[in-house]
Amino acid sequence: MARDYAARCPVSLVRNTWLVATAILLASQGFGAQKVRVEEELEAYPTESVDLRCEFIDGGGRTKLTQVSWIWEPIDGQRDNIAVYHPLYGQSFPNLSFKDRVVFLHNSLENPSIRISNLKMSDAGRYTCEYATYPSGNEQGTTTLVMLAKPKNSAKVVTAQAGTKSVVVAQCEAADGKPAATIKWLASVGGNHSTSTTDGPDGTVTVRSEYRLVPTPADNGREVTCMVDQRTQERPWVHSVKLSVEYPPSVSIEGYDNNWYVGRSDAVLLCMANGNPEPTTVTWTAASGALPDTVVVSGNKLTVRKVDDAVNTTFICEVKNKHGASSHQITTIVIEKRQVTPGPSSGAVIGGILGALAFIGIIGGIIYFIRKRLEDGEGPPKHKPPPPVKAGSSTEMLTKPSKPPTTTEMAPLSPGEVYYEPTGGEPVTNLDDETSGALNGGAPPVLDDSAKYDKINELKDRAADSHHGNDLDPSNHEPSAGNISRGESFVSPAMYV
């Protein structure tokens, strides 16, 4: 067995290698034989036109073209020639369904492109451009024509009656579209939808969707929105509808204020009804029988011209529409005297006034306080400093010493203490801090040690002049207030005599 397998193995390898080489050669020949250039796929719409291009490519110019034909293969059907061109016999259009709708764009075998006008949905299919050539035989290329159709979209409301079962309340449709459309619903009410499709004879599809819910009177007038999406549309088609839910009327009576007193005029009752459709009949009756003579009825309005004991009864209002009837009643009680509605108490009024006044006072106090602070912080000073004391005036507080004091005599004076010179001069009074500060424009007097003895020598000279009969001239010896430097006092320093 081993010997037999070894004998067969080389033959199998050679055979497989030959088969692979043959397949590659055939494939290369097939690719080289593709000489007809066409478009792979085209899209078009009904009533429009489409150009089917075809061109023969022969690089060496060795192929002889004898005839070209266009063959149509519908989606469901058999192949059929729709256009033929022969350089000697001319053009031919054998298919009657394309007659007068197909033309050759060029009278040439090398470029036998055609145009199909007034397209129909049934024109969809495969179109083959086929050449009869020599010596290679037939050459061809195929284009697939896809027919598109924009759907006709619509949405409508379906009137429903309020109940306990789920019913259709709205419909949406995308008719005669290709490809089939997709329908969605946007709604704030609780419901669901179902969708169905129907194929048309020309390849179009109609899509229908129904929106269902259990309708209630509260659903009447609410919106639901249909949205259609399809390949041929640039954006989804959106349309909203308002639901129409019909129901029997509900009734109420308004206008009675529990103050129907004897003698009152034009007392009014209104019968208010809510239903879909609108109530067609409104009827007023009285439980005691016929309506009193003083009562006038106009539609849903009942007017009592003059209130008396006859209207001390129960009034009934009944309303009807096509889905049923509903009624409501109210008992009116006639009183002898008019009831006066009490107004606000005097205590509440007084309290409100006092509260308002207190609030105004608080606001005024705040404003005054703010203005006072501004005036105190930003205005000019209110106290003017006293003028400087001149020598020889009645306010002069120091005498002219006859001799300079010694070092031991320079003990500080107590505030207000007076000393006399031995020569009988005028008393010398020590000014307290407050007085001396006032005389210096509010600044405390400052006498430093370096200037103390200079002042004493000056006083000595002035005393000597006084003994010789020469009065001191204040204008010549007294420094002006403007020349007193900060830290100096225009008052002579106190001293012992």
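Use the structure listed above.
Residues numbered from 1 in each chain as written. Predicted model: local features only at pLDDT ≥ 70, side-chain atom pairs only at ≥ 80, totals over all residues. Heavy atoms only, no water.

### Considering the pattern of salt bridges
Going by this rule: A side-chain nitrogen of Lys or Arg and a carboxyl oxygen of Asp or Glu constitute a salt bridge if their distance falls within 4 Å. Labels follow the DSSP assignment, with helices taken as runs of H or I lasting at least four residues and strands as runs of E lasting at least two, numbered in each case from the N terminus. Summary of the burial criterion: residues with accessible area below 20% of their type's maximum are buried, those above 50% are exposed, and those between are partly exposed, where the area comes from a 1.4 Å probe applied to protein chains only.
Scanning the model with the defined rule gives 12 salt bridges in all. Between Lys152 and Asp176 there is a salt bridge, with its nearest N and O atoms 3.8 Å apart. Remark: Asp176 occurs in strand β14 (residues 167–177) and Lys152 occurs in strand β12 (residues 152–157); sequence separation between them is 24 residues. Lys152 sits in the exposed class, given a relative accessible area of 53%. In this structure, the salt-bridge partner of Arg212 is Glu210, at a minimum N-O distance of 3.6 Å. On the basis of relative accessible area, Arg212 is assigned to the partly exposed category, the value being 29%.

### As for the state of the cysteines
Disulfides are covalent bonds that link the sulfur atoms of two cysteine residues. Heads up, the rule is: Defined by distance alone, a disulfide is two cysteine sulfur atoms within 2.5 Å.
The tally for this structure, following the rule as stated, stands at three disulfides. Across the disulfide from Cys172 sits Cys226; the S-S distance is 1.7 Å. An S-S torsion of about -60 degrees defines the bridge between Cys172 and Cys226 as left-handed. Taken as a pair, Cys172 in strand β14 and Cys226 in strand β18 (residues 223–229) lie far apart in primary sequence, 54 residues in all. Cys226 gets classed as buried once you look at its relative accessible area, which sits at 1%. Cysteine pairing for the protein, with bonded cysteines counted in sequence order: 1-2, 3-4, 5-6.

### Considerations on the packing of aromatic side chains
Worth spelling out the cut-off: Here the aromatic set is Phe, Tyr and Trp, taking the six-membered ring for Trp, and pairing holds for ring centres within 6.5 Å; pairs whose planes are under 30 degrees apart are stacked, those over 60 apart are edge-to-face, and all others are tilted. Over a ring means this: the NZ of a Lys or the CZ of an Arg is within 6 Å of the ring centre and within 35 degrees of the ring normal.
Per the counting criterion, the structure on display carries eight aromatic pairs. Arranged with centres 5.1 Å apart and planes meeting at 70 degrees, the rings of Trp72 and Phe98 form a pair that is edge-to-face. Separated by 26 residues along the polypeptide, Trp72 in strand β5 (residues 64–74) and Phe98 in the loop between β7 (90–92) and β8 (102–104) bring together distant segments of the chain. Classification of Trp72 by relative accessible area gives buried; the value is 12%. On the basis of relative accessibility, which here comes to 1%, the residue Phe98 falls in the buried class. Above the face of the Tyr45 ring, Lys150 is positioned so that its terminal group lies 5.8 Å from the ring centre.

### Re the side chain of Thr314
Which entries qualify depends on this criterion: Here a polar contact means two N or O atoms within 3.5 Å. Within protein one must be a hydrogen donor candidate and the other an acceptor candidate, and residues neighboring in sequence count only if both atoms are side-chain atoms. The contact definition used throughout considers only heavy atoms, calling two residues in contact when any of these lie within 4.5 Å.
Here Thr314 is to be found in strand β26 (residues 314–321). Here Thr314 falls in the buried class, since its relative accessible area comes to 15%. At 2.8 Å, the side chain of Thr314 forms a polar contact with the side chain of Thr331. Setting aside residues no more than four positions away along its own chain, Thr314 makes contact with Thr285, Ala286, Ala287, Gln329, Ile330 and Thr331.

Keep in mind these values describe shape, not function.
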